[in-house]
Amino acid sequence: MAALPVCIIVIVLCGTLLFGQMAPATIGAFGIGAVMLIIGIALFTLGADVSMMPMGEQVGRHLTKSRKVWLIALLCFLIGVIITIAEPDLKVLADQVPIVDSMVLILAVAVGIGLFLVIAFLRILLQIRLSWILIGCYMLVFGLMLSPLIPDNFTAIAFDSGGVTTGPMTVPFIMALGLGLASLRGDKTSEEDSFGLVALCSVGPILTVLLLGAFNDTSGMTAESAAPVMYDSMRDVVMAFWHALPEYAVEVAGALLPVVGFFILYQLFALRLPMRKLAGIAVGLVYTALGLIIFLTGVNVGFMPMGYEIGRQLAGGSFAWTLVPLGALIGYCIVAAEPAVHVLKKQVEDITEGGISAKTMGLALAIGVAVSAGVSMLRVLTGIPLLYILLPCYAAALVITFFVPPIFTSVSFDAGGVASGPMTATFLLPLAQGACEAVGGNALTDAFGVVAMVAMTPLLTIQMLGLIAKLRSRTHTAAPLIDLSEGALLEFEIDLDEPVKGGMPDEQSV
């Protein structure tokens, strides 16, 4: 579901607007990469469900039992760093950034996630309203962006880093950890406060990468610096896949070893889970590793060159305007099938007891991301500075937080983090880079920022849902009461064919 719509769009483009313009080797590499992406993300998602979710739940549950704030804060930091290093979306983005070593960027992002996971835990414990923390953090972010210390070429990369870190590896683990940490309080709002961890963990990387930019000279960098390798023949394609597999196997092993090592130590000294449960987690980790290797190989060798070439061909021809609806269409498709979005929608529907339906939230997310992806392509073609879009939109989103129920604020900022999934970094970003080269722009200021745009619009769309829900509830509250005085007749119907959600209705609903 995640890959097929993009594949169909590529096939249609190659058979119509770009007929005869795409090299057969690039098309062949895309086909192989698409198959590997599907297999890889399927294995990875299965492995994350079987291993990462149980690990997050077990660690979170045990942390709550300790009741030692300093220990929980320290372990939250370590968990944030370790899990982020293994995030596949971050690896894909880091490999496309030409101005800093990919491992340095990954470590900077990981430290940001770790620090803000600690802040998120303290917020839950101290019951601080999320809006105030977000306002303070984003004032600091935009203050740094406007200062002369941070080069313009680094701001888009910083916001993109915040978007990709909350992907299929980190979201299940962090949300499971959040539910466990929220149980420390045990009051009726603790479950609602478990949301917002992803939101705060998206801010940390923005700040740390902006600070990293203060120590990097990015002058003279152009769109060509980020161009992926193109293939002249199918032999080149086969050899590229052959050499990439062992390289990514080594990288994945290095990324997952800290996760495994941390869990083994925690198991030996604290958890002591039964062998049967440990065996299931071990099998899940094998699935996760294999999925990551196959996924990273497929997208880097096959998917990104195709996205780059389509962007370059369309922007350099007479159909450059088609990039805007194309970006919107891809944005709508990828968020509708994003695995992390499905996890969030289900948890939101459960926590709000159907107050926010998964279907409504999914539609609002898809429309929001479609608009942001289309505007991103327009920005590439016109050169509109990213700050001109992000600053007013974030300001509006933060103002709305004071007019909607707190749960909608937490959910909307979480949704912004999870909406930017694997397809955004592997196809939309290379598409923007190729278009940027064709129009003679600077990739670091014009192409990067696509992920940031995708992560921003859910903040507005989900909170607008909350505003509508609040207005509706006021309308219902103001309705005249039923006359229950002596002698009055009360008539009502019960549809016996319609099952009642959650069993028989309670006394209040009757």
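Please read these numbers as outputs of a predicted model, since none were measured by experiment.

### Topic: the overall build of the protein chain
Here comes step 1: Counting its regular elements, the protein chain contains 20 helices and 0 strands.
Here comes step 2: Once local pairs closer than 6 in sequence are excluded, the contacts in the protein chain between residues at least 24 apart make up 88%.
Here comes step 3: Counting every atom, the protein chain has about 22100 Å² of accessible surface; 68% of that belongs to carbon and sulfur.

### So, a nonpolar patch on the surface
Here comes step 1: Together, Leu46, Val50, Val283 and Tyr287 line one region of the surface with nonpolar side chains, adding up to about 290 Å² of accessible area.
Here comes step 2: Looking at the nonpolar patch, the elements with two or more residues in it are helix H2 (24–66) and helix H12 (275–316).
Here comes step 3: Residue position: leucine 46 is located in helix H2.
Here comes step 4: Residue classification places leucine 46 among the partly exposed positions, given a relative accessible area of 40%.

### Observations concerning the nonpolar core
Here comes step 1: With 168 residues, the main nonpolar core has Phe303 and Ile310 as its most contacted residues.
Here comes step 2: With 15 residues, H12 is the largest single contributor of residues to this core.
Here comes step 3: If sequence neighbours within four positions are ignored, phenylalanine 303 has contacts with Val6, Cys7, Phe30, Gly33, Ala34, Leu37, Gly298, Met423, Thr426 and Phe427.

### Side note on helix H17 (residues 406–419)
Along an α-helix, residues three or four positions apart point the same way, because every turn accommodates 3.6 residues.
Here comes step 1: Over its 14 residues, H17 extends 20 Å from the first C-alpha to the last, a length consistent with the 20 Å expected when each residue adds 1.5 Å.
Here comes step 2: Counting buried residues along H17, 13 of its 14 residues qualify, which places the element largely inside the surrounding structure.

### Notes on the side chain of glutamine 267
Here comes step 1: Take glutamine 267: it is sitting in helix H11 (residues 234–271).
Here comes step 2: Note on glutamine 267: relative accessible area 11%, which makes it buried.
Here comes step 3: If near-sequence neighbours (up to four positions away) are discounted, glutamine 267 is found in contact with Arg272, Leu273 and Leu278.

### A closer look at the packing of aromatic side chains
Here comes step 1: Per the stated rule, a full pass over the model turns up 9 aromatic pairs.
Here comes step 2: Each member of the aromatic cluster is reached from another via a ring pair, and the members are Tyr138, Phe142, Phe159, Tyr394 and Phe413.

### Considerations on the environment of isoleucine 293
Here comes step 1: Topologically, isoleucine 293 is positioned in helix H12.
Here comes step 2: We classify isoleucine 293 as buried; its relative accessible area is 16%.
Here comes step 3: Spatially, the C-alpha atoms of isoleucine 293 and valine 250 are 8.9 Å apart, while their sequence positions differ by 43 residues.

### Some thoughts on the pattern of salt bridges
Oppositely charged side chains are able to pair whenever their charged atoms sit close together.
Here comes step 1: Applying the stated criterion across every chain, the model contains 3 salt bridges.
Here comes step 2: A salt bridge links lysine 91 to glutamate 251; the nearest nitrogen and oxygen atoms lie 2.7 Å apart. Within this pair, whereas lysine 91 is found in helix H4 (residues 88–96), its partner glutamate 251 is found in helix H11, the two being separated by 160 residues in sequence.
Here comes step 3: A salt bridge links arginine 312 to glutamate 309, with the nearest nitrogen and oxygen atoms 2.7 Å apart. With a gap of 3 residues between them, arginine 312 and glutamate 309 both fall in helix H12, about one helical turn apart.
Here comes step 4: One connected set of salt bridges, linked through shared partners, spans Lys91, Asp95 and Glu251.

### Some remarks on helix H3 (residues 69–85)
Here comes step 1: With 17 residues, H3 ought to run about 24 Å at 1.5 Å a step, and its terminal C-alpha atoms sit 25 Å apart, in line with that.
Here comes step 2: Along H3, the residues that are buried comprise Ile72, Ala73, Leu75, Cys76, Ile79, Gly80, Val81, Ile82, Ile83, Thr84 and Ile85.

### Some remarks on the packing of H4 against H12
Here comes step 1: Taken N-terminus to C-terminus, the directions of H4 and H12 make an angle of 35 degrees; their axes are 11 Å apart at the nearest point. Seen along the crossing, H4 lies across H12 with a hand that is right-handed. Here H4 contributes Pro88, Asp89, Lys91, Val92, Asp95 and Gln96 to the contact with H12, which in turn contributes Leu292, Phe295, Leu296, Val299, Asn300 and Met304.
Here comes step 2: Here the contact of H4 with H12 is composed, by residue class, of 7 nonpolar, 2 polar and 3 charged.

### Things to note about the environment of cysteine 76
Here comes step 1: Residue placement: cysteine 76 occurs in helix H3.
Here comes step 2: Note on cysteine 76: relative accessible area 0%, which makes it buried.
Here comes step 3: Remark: the alpha-carbon pair of cysteine 76 and leucine 117, spanning 41 residues in sequence, is separated by 6.1 Å.

### Considerations on the confidence of the model for the protein chain
Here comes step 1: Of the residues in the protein chain, 83% reach a pLDDT of 70 or more, and the chain-wide mean stands at 81.
Here comes step 2: pLDDT under 50 marks residues 478–485. Its contacts with residues more than four places away, or in other chains, come to 3 contacts.

### Some words on the packing of helix H1 (residues 4–15) against H12
Here comes step 1: Their axes nearest at 12 Å, the elements H1 and H12 cross at an angle of 45 degrees. Relative to H12, the element H1 is oriented oblique. Judged by the sense of rotation from one axis to the other, the crossing of H1 with H12 is left-handed. Touching Val6, Cys7, Val10, Leu13 and Cys14 of H1 are Phe303, Met306 and Ile310, all from H12.
Here comes step 2: Here the residues of the contact of H1 with H12 are counted per class, giving 8 nonpolar, no polar and no charged.

Cut-off values and rules
- Residues numbered from 1 in each chain as written.
- Predicted model: local features only at pLDDT ≥ 70, side-chain atom pairs only at ≥ 80, totals over all residues.
- Heavy atoms only, no water.
- Helix = DSSP H or I, 4+ residues; strand = E, 2+ residues; numbered from the N terminus.
- Contact = heavy atoms within 4.5 Å.
- Areas by Shrake-Rupley, 256 points an atom, 1.4 Å probe, with all protein chains shown as cover.
- Patch = residues over 30% accessible without salt bridge, like charges linked within 9 Å, V, L, I, M, F, W, Y side chains within 5 Å.
- Salt bridge = Lys/Arg side-chain N within 4 Å of Asp/Glu carboxyl O.
- Buried < 20%, exposed > 50% of the residue type's maximum accessible area, 1.4 Å probe, protein only.
- Core = buried A, V, L, I, M, F, W, Y, C linked by side-chain atoms within 4.5 Å.
- Expected span 1.5 Å × (residues − 1).
- Phe/Tyr/Trp six-rings, centres within 6.5 Å; stacked < 30°, edge-to-face > 60°.
- Axes fitted to C-alpha atoms, helices over the stretch in contact; angles between N-to-C directions.
- Left-handed = near helix turned anticlockwise from the far one by under 90°.
- Nonpolar A, V, L, I, M, F, W, Y, C, P; charged D, E, K, R; others polar.
- pLDDT = per-residue confidence, 0-100.
- Parallel < 35°, antiparallel > 145°, perpendicular 65-115°, else oblique.

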